[in-house]
Amino acid sequence: MAKRQSLKGRVTAKIEWVTVNDRMQKRYRYQLTAPMGRIFDPEFKPELTPKEMLELGVFCGKYMTDCRKEFPASWFKKAKLSAKGSDCSLNYFGVDASRPLSEWRKKGWIHQDDPRGWFQWYCRYYMGRRLPEEDQRQIKRWKAFRRHINQIKLNCEPGDPFCRPRQRQALLHWAYDSRKI
C-alpha cells in the first residue's frame, strides 16, 4: 500500500487495491483512493450509508449475498438478507420496488465496472473508489431520482409511511431516507 498525499502535503489515506471474485465479477480490481465515507462530490449527499440501507432492508434481501468479502463485515451484522432468494418482506416498506437487472441493462443503466448497478457503485464509492466519469453519471442519476420525494410530498400527508410505499422503498434504494418525509 502506498500513501496518498493531500494537496497540502499531508498523508490522508493509504491507497489500497480490492480484488473482487463473486458471481458477477472474477478478478475485477479497483483502487481505493479516498477515505471510507468521506471526500464525496459536493453535489452528492446521500442520507443513508450502505450499512444503514442494508439494515433497513433493501432489494428484497438479495442484493449483496455473494459479495460480503468485498465490504466491511460491520455492514452485514444487522443486514436484512435472504439466503434463499428474493424476499420483499425484508424490505423496510415490505414491497418490491426494483426493476429486473435485464431492464437496467436494456436501458443502459449498467456500467461494466458495476454489473449490479447503482447500489454497487455507491458501495464502492463509499469505500473510496473513484471513477470520475462514472461517478458523475451516477450522481446525476441519483439527483434525478429526487423527483420521487416531491411526488410523496404532493400526494401524501406528512409522516404517513403507508402512502406510496413502493415509491418510498425505491427512495431507500437510492440512499434517500424516505421514512422522514
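Residues numbered from 1 in each chain as written. Predicted model: local features only at pLDDT ≥ 70, side-chain atom pairs only at ≥ 80, totals over all residues. Heavy atoms only, no water.

*Asks:* Quick question: what am I supposed to make of the side chain of Gln167 here?
*Replies:* Tracing the backbone shows Gln167 in helix α6 (residues 165-173). Within the structure, Gln167 has its side chain in polar contact with the side chain of Arg164 (distance 2.8 Å). Excluding its chain neighbours within four sequence positions, the residues that come into contact with Gln167 are His148, Gln151 and Ile152. (Helix = DSSP H or I, 4+ residues; strand = E, 2+ residues; numbered from the N terminus. Polar contact = N/O pair within 3.5 Å; in protein donor to acceptor, adjacent residues only side chain to side chain. Contact = heavy atoms within 4.5 Å.)

*Asks:* Whenever I open this one, the nonpolar core confuses me. Can you help?
*Replies:* Side chains of a nonpolar character, in soluble globular proteins, are inclined to be buried together. Core analysis: the biggest nonpolar cluster contains 44 residues, and Met64, Phe71, Trp118, Phe119 and Tyr122 have the highest contact counts within it. A total of 8 residues in this core trace back to one element, the largest contributor, which is helix α3 (residues 118-127). Once you skip the residues sitting within four places of it in the chain, Phe119 turns out to touch Pro50, Met53, Leu54, Phe59, Tyr63 and Met64. (Core = buried A, V, L, I, M, F, W, Y, C linked by side-chain atoms within 4.5 Å. Buried < 20%, exposed > 50% of the residue type's maximum accessible area, 1.4 Å probe, protein only.)

*Asks:* Would you mind showing me how to read the confidence of the model for the protein here?
*Replies:* When pLDDT is low, close inspection of the predicted coordinates is not appropriate. Averaged over the protein, the pLDDT score is 90; the fraction of residues at 70 or greater is 92%. Every residue in residues 1-11 is under pLDDT 50, and counting partners more than four places away or in other chains gives 21 contacts. (pLDDT = per-residue confidence, 0-100.)

*Asks:* Just checking my understanding: could you explain unusual backbone geometry for this structure?
*Replies:* A negative phi holds for most residues other than glycine; trans holds for most peptide bonds. Positive phi is not limited to glycine here, since Cys60 has a value of about 55°. Along the chain, Cys60 turns up in the loop between α1 (50-56) and α2 (101-106). The class of Cys60 is buried, set by a relative accessible area of 2%.

*Asks:* How do you make sense of the pattern of salt bridges when you look at a structure like this?
*Replies:* It is possible for side chains bearing opposite charge to pair when their charged atoms get close. The final tally for this structure, using the stated rule, is 11 salt bridges. We note a salt bridge from Asp177 to Arg179, for which the minimum N-O separation is 2.8 Å. Salt-bridge contacts for Asp177 lead to Lys180; the nearest nitrogen and oxygen are separated by 3.8 Å. Ionic contacts of the salt-bridge type, sharing partners, join the residues Asp22, Arg23, Asp66 and Arg116 into one network. (Salt bridge = Lys/Arg side-chain N within 4 Å of Asp/Glu carboxyl O.)

*Asks:* Explain the packing of α3 against helix α4 (residues 132-144) here, please?
*Replies:* When two helices pack together, their arrangement is given by the angle between the helix axes and by the axis-to-axis distance. At a closest axis distance of 11 Å, the pairing of α3 and α4 adopts a crossing angle of 120°. The angle between α3 and α4 places the two elements in the oblique class. Once α3 is placed against α4, the crossing between them reads as left-handed. Each of Trp118, Trp121 and Tyr125 in α3 lies in contact with α4, whose residues at this interface are Glu134, Asp135, Gln138, Ile139, Arg141 and Trp142. Residues belonging to the contact of α3 with α4 are distributed by class as follows: 5 nonpolar, 1 polar and 3 charged. (Axes fitted to C-alpha atoms, helices over the stretch in contact; angles between N-to-C directions. Parallel < 35°, antiparallel > 145°, perpendicular 65-115°, else oblique. Left-handed = near helix turned anticlockwise from the far one by under 90°. Nonpolar A, V, L, I, M, F, W, Y, C, P; charged D, E, K, R; others polar.)

*Asks:* How should the packing of aromatic side chains be read in this particular structure?
*Replies:* Geometry of an aromatic ring pair is reported as the spacing of the ring centres plus the angle between the planes. The full count for this structure, using the stated rule, is 21 aromatic pairs. With centroids separated by 5.5 Å and ring planes inclined at 80°, the aromatic side chains of Phe44 and Tyr125 adopt a geometry described as edge-to-face. Linking Phe44 in the loop between β3 (26-32) and α1 with Tyr125 in helix α3, this pair joins segments that are 81 residues apart in sequence. Looking at Phe44, the relative accessible area reads 2%, which means it is buried. Residue classification places Tyr125 among the buried residues on the basis of a relative accessible area of 3%. Between Trp142 and Tyr176, the aromatic rings sit 4.9 Å apart at their centres with planes inclined by 5°, giving stacked as the arrangement. With Trp142 in helix α4 and Tyr176 in the segment after α6, the pair connects residues that are 34 residues apart, well separated along the chain. Residue Trp142 is classed as buried on the basis of its relative accessible area, which comes to 5%. When the ring centre of Tyr92 is taken as reference, the NZ or CZ atom of Arg179 above it lies at 5.7 Å. (Phe/Tyr/Trp six-rings, centres within 6.5 Å; stacked < 30°, edge-to-face > 60°. Lys NZ or Arg CZ within 6 Å of the ring centre and 35° of its normal.)

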